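# Observations on the three-dimensional arrangement
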Amino acid sequence: MAEPRSHEADLVVVGAGLAGMTAAREAVASGASVVVVEARDRVGGRVLNHDIGGGAVVELGGQWIGPTQDRLAALAGELGVGTFPTHDEGENVIDYAGSLRRYTGTIPRINPLVLLDVQRAQHKLNRLARRVPLEAPWRASDAARLDAQTAATWMRRNLVTRAGRALLELGIEAVWAAEPEEMSLLHVLFYIRSAGSLEILFDTAGGAQQDRFVGGSQLVPLRLAERLGGERLVLGAPVRRIEHGPDGVAIHADGTLARGRRAIVALAPTLAGRIAYDPPLPGYRDQLTQRMPLGTVGKCMAIYDEPFWRAEGLSGQATSDTGPVKLTYDNSPPGGAPGVLLGFLEGRHARELGRLPADKRRSAVLDCFVRLFGPRAGRPDAYVERLWADEEWSRGCYGCHMPTGAWTSYGPALREPIGPLHWAGAECATVWNGYMDGAVRSGEQAAREALERI
């Protein structure tokens, strides 16, 4: 067996997603030496571009940026990565109670009593979220009570209409890629507070889905990698074991040994928990990682010669209470061609269709597109998809969520360093938790903490 390549640095970063690459950037800017070790053969983590020809790309992973996502915006601006608005012109479509309706704005034309029910519930959730401390959700007033119930339990008690519960459930699935019964209410409230409001999480214009990146979101980590330099980046090297102690860290990866004074593990907590540590991590930290599952999502795109729905007065945005695709967007490049319809499989539907053969899953997705946008949607020139739960070094998307009892029992372990080990990633962020902006903020914060101790 060949001797592993050896690297020495002040700081070793495990993971070359946005958090890890941002942490490395901070370290270099502060004059520290750094090496980044990544399991994949690319940078970006859950951010990934896909070439669709003619110089155009679509994003198979995280793609949007919205108002108040200031750290991601600043980083993209520094790297020369521009943005353009998500296509939002024309009428939206809602597939509800067995019929299709077209509407403009954010409020569909359905039973006003149902809409009032949903609006009241959103207002209550926003009000409750304002009481959750971002740095320590477990210290919220009534934290134990909020953490003892699921979002589904709260919805059954606070929405009076079945249709209202179905619509709010659709929104929750779209944000967390999980079902309301899988998540603690306290976690949902923390997430809402982290973004600012439930409306910001849901909306396109003025919300988290407002803009996209010219050239695709993966351009941000790719340009970070260019500036970092190849000598500081080790790809295709899954980390298997981390030795840590007063003298520093030794990162054992396939074909690579990286030693440093401190390390930042910039992985989703559940993946960080799969690494072997010597000495083993405290049970408190390890049990946290057992309670932070990733969401289940399939991102499916049909590509056409043109966005034909625009000529028909449609925005490309649709919601459905039937599914399996419950949410769609116009995902065409900035110039408008080719036309790209994006459909999400989330939560239960993603788990069910993820087990089907690819051709049957494609047919199910295209059937939804036909129902929403007409027969032409069933004849794409190409089709691409990404099932993130099947990706070996991701095992889910968009981010992790907390079940009942996890925040109040294990919350302090999420960000607390253990010896020379620091934790980073979108799930560690206090602001825009679970989003690309949160990943950037987390990487910056972890680097500052590690460099202070170096």
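These lines cover the structure that appears in this document, whether it is placed above or below. Just so it is clear, the model here is predicted, and its values are computed rather than measured.

### Things to note about the pairing of strand S12 (residues 248-253)
- Within S12, 5 of the 6 residues are buried, which leaves it mostly tucked inside the rest of the structure.
- The pairing of strand S11 (residues 239-245) with S12 spans 6 bridges and is antiparallel. Paired with Ile-242 across the strands is Ile-251, a residue of S12.
- If you look at the hairpin formed by S11 and S12, you'll find 2 residues sitting between the two strands.
- Here S12 folds back onto strand S13 (residues 256-265), and the loop between the two strands holds 2 residues, one of which, Gly-255, carries a positive phi near 75 degrees.

### Points about the side chain of Ser-194
- Along the chain, Ser-194 falls in helix H7 (residues 185-195).
- Here Asn-433 takes part through its backbone nitrogen, which lies 2.8 Å from a polar atom of the side chain of Ser-194.
- Discounting residues that sit within four places of it in the chain, Ser-194 has contacts with Leu-134, Thr-430, Val-431, Trp-432 and Asn-433.

### Observations regarding the pattern of salt bridges
- Counted under the stated rule, the structure contains 26 salt bridges.
- Of the charged contacts in the structure, one is a salt bridge between Arg-40 and Glu-38, with a shortest N-O distance of 3.1 Å.
- Among the salt bridges present, the one from Arg-376 reaches Glu-306, with a minimum N-O distance of 3.0 Å. Remark: Glu-306 occurs in the loop between strand S15 (297-304) and helix H12 (308-311) and Arg-376 occurs in the loop between helix H14 (358-373) and strand S19 (382-387); sequence separation between them is 70 residues.

### A closer look at the nonpolar core
- Formed by 78 residues in total, the largest nonpolar core has its most connected members in Trp-176, Leu-201, Ile-242, Ile-251, Tyr-277 and Trp-423.
- For this core, the element with the most residues is H7, which contributes 8 residues.
- In this view, Ile-242 contacts Val-14, Ala-250, Ile-251, Val-265, Ile-275, Ala-276, Tyr-277, Asp-278 and Leu-421; residues no more than four positions away in its chain are not counted.
- Among the nonpolar cores identified, the runner-up in size contains 38 residues, and Val-34, Ala-76, Met-436 and Val-440 belong to it.

### Re the sheet that holds strand S18 (residues 339-346)
- An order of S8-S7-S16-S17-S18-S15-S19 is seen for the 7 strands of this open sheet, with the pairing classed as mixed. Of all strands in the sheet, those bounded by a partner on one side alone are strand S8 (99-103) and S19. Across the sheet, the mean angle separating the axes of adjacent strands is 20 degrees when strand polarity is ignored.
- Bridge count for strand S7 (residues 91-96) against S8 is 5 bridges, and the pairing is antiparallel. Each residue of the ladder has a partner; that of Asn-92, found in S8, is Tyr-103.
- Lying on the sheet, H14 is in contact with S7, S8, S15, strand S16 (314-320), strand S17 (327-330), S18 and S19; it crosses S19 at an angle near 115 degrees.

Reading the values: rules and limits
Residues numbered from 1 in each chain as written. Predicted model: local features only at pLDDT ≥ 70, side-chain atom pairs only at ≥ 80, totals over all residues. Heavy atoms only, no water. Buried < 20%, exposed > 50% of the residue type's maximum accessible area, 1.4 Å probe, protein only. Helix = DSSP H or I, 4+ residues; strand = E, 2+ residues; numbered from the N terminus. Pairing = 2+ DSSP bridges. Polar contact = N/O pair within 3.5 Å; in protein donor to acceptor, adjacent residues only side chain to side chain. Contact = heavy atoms within 4.5 Å. Salt bridge = Lys/Arg side-chain N within 4 Å of Asp/Glu carboxyl O. Core = buried A, V, L, I, M, F, W, Y, C linked by side-chain atoms within 4.5 Å. Axes fitted to C-alpha atoms, helices over the stretch in contact; angles between N-to-C directions.

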